[in-house]
Amino acid sequence: MIIVLGHIEIAPADRDEFLRDIKEINPANKTGSGCLSYAITIADPEVARMQVAERWQDQQSLSAHLARQETLAFIDKWSGRMQGEVLKYDATNERPLMA
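Attention in this report is confined to the structure presented alongside it.

1. Some points on the packing of helix α2 (residues 59–67) against helix α3 (residues 69–78)
Closest axis-to-axis distance for the α2/α3 pair is 5 Å, and the angle between their directions is 65°. The segment α2 lies against α3, with H65, L66 and A67 engaging Q69, T71 and L72. Of the residues in the contact of α2 with α3, the class split is three nonpolar, three polar and no charged.

Here it is, written out as structure tokens:
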């Protein structure tokens, strides 16, 4: 399993457009994508700071998402307008929180 976590900051005036574009590329809406969960949430609306949290079945699924035309168009549009840090982690021991 691959976990993607981090934060992104954009110009506050771009927040609504950014969130609309995120909905367009949300892999959780696509059957068989290998996306187990996908969340981009507003952590601080005044500075348009977003928290990113994703879970992927495997690297192949994440790579397929990143190679999709819609995702590439999103990256092209927003890459110069985002700041922050988003990292991926390999997860090998998943279990319930309270176990």
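2. Regarding the pattern of salt bridges
Inspection of the entire model under this criterion finds eight salt bridges. A salt bridge links D14 to R81; the shortest N-O distance between them is 3.3 Å. Residue D14 is located in the loop between β1 (2–9) and α1 (15–25), and its partner R81 is located in the loop between α3 and β4 (83–90); the two are separated by 67 residues in the primary sequence. Residue classification places R81 among the partly exposed positions, given a relative accessible area of 31%. E94 is paired through a salt bridge with R55; the nearest N and O atoms lie 2.6 Å apart. Here R55 lies in strand β3 (residues 49–56) and E94 lies in the segment after β4, a separation of 39 residues in the sequence. Its relative accessible area of 56% is what places E94 among the exposed residues. Of the residues examined, R55 reaches a relative accessible area of 27% and is grouped as partly exposed. Here the salt bridges share partners, and the residues they tie into one network are D14, E17, D21, K77 and R81.

What counts, and at which threshold
- Residues numbered from 1 in each chain as written.
- Predicted model: local features only at pLDDT ≥ 70, side-chain atom pairs only at ≥ 80, totals over all residues.
- Heavy atoms only, no water.
- Axes fitted to C-alpha atoms, helices over the stretch in contact; angles between N-to-C directions.
- Helix = DSSP H or I, 4+ residues; strand = E, 2+ residues; numbered from the N terminus.
- Contact = heavy atoms within 4.5 Å.
- Nonpolar A, V, L, I, M, F, W, Y, C, P; charged D, E, K, R; others polar.
- Salt bridge = Lys/Arg side-chain N within 4 Å of Asp/Glu carboxyl O.
- Buried < 20%, exposed > 50% of the residue type's maximum accessible area, 1.4 Å probe, protein only.

Honestly, it's all geometry; don't read function into it.
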